[in-house]
Amino acid sequence: MKNKLTIAVDGFSSCGKSTFAKKIAAQMGYVFIDTGAMYRAVTLYAIDNGIIADGILDQQQLIERLDDIEISFRYNKHRGAADIYVNGDLAEGRIRTIEVSNYVSEVSSIGEVRRKLVAMQQQMGRDGGVVLDGRDIGTVVFPNAEIKIFMTADPMVRAQRRYKELQAKGDNATLEEVYQNVVARDEADQSRAISPLRKADDAIVLDNSYMTVEEQMEFFLKLYQQQCE
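As a starting point, this report considers the structure included with it. Sequence order as written defines the numbering, with residues in each chain counted from 1. Local features in this predicted model are restricted to residues of pLDDT 70 or higher, and side-chain atom pairs are both shown and tallied only at a pLDDT of 80 or more, whereas totals for entire chains, interfaces and linings draw on every residue. Heavy atoms from the whole structure form the basis of all side-chain values; hydrogens and water molecules are not counted.

### Things to note about empty space enclosed by the protein
Residues are said to line a cavity or pocket when one of their atoms sits within 4 Å of a point; the points come from a 1 Å grid over protein atoms alone, cavities being sets where a 1.4 Å probe fits but cannot get out and pockets being open sets with protein on both sides within 12 Å along at least five of seven lines. Grid points are joined across faces, edges and corners, and a volume is the space filled by probe spheres set on the points. Inspection of every chain in the model, using the stated rule, returns 2 cavities of 30 Å³ or more. The computed volume of the largest cavity comes to approximately 70 Å³. Along the walls of the largest cavity sit Lys22, Phe32, Asp34, Ala37, Phe73, Arg79, Ala82, Glu92 and Arg96, which together make up its complete lining. Ten residue types, Ala, Val, Leu, Ile, Met, Phe, Trp, Tyr, Cys and Pro, are classed as nonpolar, four, Asp, Glu, Lys and Arg, as charged, and the remainder, Gly among them, as polar. Of the residues that constitute the lining of the largest cavity, the class distribution is 4 nonpolar, no polar and 5 charged. Here the lining of the second largest cavity is composed, by residue class, of 1 nonpolar, 4 polar and 3 charged.

### What to know about the nonpolar core
Of all hydrophobic cores here, the largest spans 36 residues; its most connected members are Val42, Leu62, Ile69, Ile71, Ile84 and Val113. Only DSSP runs of H or I with at least four residues qualify as helices, and only runs of E with at least two residues qualify as strands; both kinds are numbered from the N terminus onward. Top contributing element to this core by residue count: helix α2 (residues 35-48), with 9 residues. Put simply, a nonpolar core is a bunch of buried Ala, Val, Leu, Ile, Met, Phe, Trp, Tyr and Cys residues held in one set by side-chain atoms that sit within 4.5 Å of each other. Summary of the burial criterion: residues with accessible area below 20% of their type's maximum are buried, those above 50% are exposed, and those between are partly exposed, where the area comes from a 1.4 Å probe applied to protein chains only. If you look at the next biggest cluster of nonpolar residues, it comprises 24 residues, including Ile7, Phe20, Ala25 and Ala153.

### Focus on α2
By definition here, a helix of n residues has an expected span of 1.5 Å times n minus one. Taking 1.5 Å as the rise per residue, α2 with 14 residues should run 20 Å; its terminal C-alpha atoms sit 20 Å apart, in good agreement. In terms of burial, α2 is a largely internal element, 12 of the 14 residues being buried. Gly50 sits one or two positions beyond α2 and adopts a positive phi of about 75°.

### Quick word on the pattern of salt bridges
Any Lys or Arg side-chain nitrogen found within 4 Å of a carboxyl oxygen on Asp or Glu counts as a salt bridge. For the structure shown, the criterion picks out 10 salt bridges. Note that Arg115 and Glu112 form a salt bridge whose closest N and O atoms lie 3.9 Å from each other. Linking Arg115 with Glu112, this pair stays in helix α5 (residues 111-124), spanning 3 residues, or about one helical turn. Asp202 is paired through a salt bridge with Lys148; the nearest N and O atoms lie 3.1 Å apart. Linking Asp202 in the loop between α8 (175-191) and β10 (204-207) with Lys148 in strand β9 (residues 147-152), this pair joins segments that are 54 residues apart in sequence. Salt bridges here are not isolated pairs; linked through shared partners, they connect Asp34, Glu92 and Arg96.

### Quick notes on the environment of Ala184
With respect to the helices and strands, Ala184 occurs in helix α8. Sequence separation between Ala184 and Asn102 is 82 residues, and the spatial gap between their C-alpha atoms is 8.7 Å.

### Brief notes about the sheet that holds strand β1 (residues 6-11)
Ordered in space as β2-β8-β1-β9-β10, the 5 strands form an open sheet in which the pairing is parallel. Here the strands that pair on one side only, and so sit at the sheet edges, are β2 (31-34) and β10. For this sheet, the mean angle separating the axes of adjacent strands, direction not counted, is 20°. Strands in contact with α2 are β2 and β8 (130-134); relative to β2, the strand with the most contacts, it is inclined by about 35°. Contacts are assigned to residue pairs with any non-hydrogen atoms lying within 4.5 Å of each other. Lines fitted to C-alpha atoms define the axes, with helix axes restricted to the stretch in contact, and inter-axis angles between N-to-C directions lie between 0 and 180 degrees. Running over the sheet, helix α9 (residues 213-228) touches β1, β9 and β10 and is turned about 155° from β9. Only when DSSP finds a minimum of two bridges between them are two strands counted as paired.

### A word on the layout of surface pockets
What the largest pocket holds in volume is close to 870 Å³. In this structure, the largest pocket is lined by 39 residues; those nearest its centre are Ser14, Gly16, Ser18, Arg96 and Glu165. Contributions of two or more residues to the lining of the largest pocket are made by α1 (17-28), α2, α4 (98-108), β8, α7 (155-168), α8 and α9. Of the residues contributing to the lining of the largest pocket, the split by class is 7 nonpolar, 14 polar and 18 charged. Taken as a whole, the second largest pocket holds about 260 Å³ of empty space. Lining the second largest pocket are 14 residues, with Phe32, Tyr75, Gly80, Ala81 and Ala82 sitting closest to its centre. Elements with a contribution of two residues or more to the lining of the second largest pocket: α1, β2, β5 (71-76) and β6 (81-86). At 4 residues, β2 tops the list of elements feeding residues into the lining of the second largest pocket. Classifying every residue of the lining of the second largest pocket by side-chain character gives 10 nonpolar, 1 polar and 3 charged.

What follows is the structure in structure tokens.
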């Protein structure tokens, strides 16, 4: 086994994948790559540039402008995590809004978008020592990842988590709106033609509906020890 593993964390929206993956990265001294944030960044660009207007996404225009989108991560010492930037502008807070959430699955279903971002992710993680979370890490981006975890949780539990996050940020979305968004994203993510959300055959399922972050880390450490035996 190589010294630095590739760890894939896939699963449904609002399962706490990023929080979990960040904890793993910190524990292992690995780099965390938030792939979901990258798709949100493209969605935000589309909104800001009129490519999404009046509730309609102009797919062809977005495809034509993909080369104009530069995505980068910069470490924020105050947060102890990396912030995402779109064409040099900080986008970390804005990509988490309900407006972006409502369109990110549609943007993510575009083949050209996925190919561009998958290539970026593979380049970032080519040497191992990385933890990536998303929808298709263990199936498409790094199918040979040494550890694959597939996260799930009850849809209402996920909606309540997301609702609390949005409230803390001053977003006035209702719990019902957030729940409907969670359900719609589940359907869109699983039914898209390109890289649909699915569990890799060799992934281990983690249902964290009623687990603390500490309990999830205990789950991971046991899995890691088994991998190293």
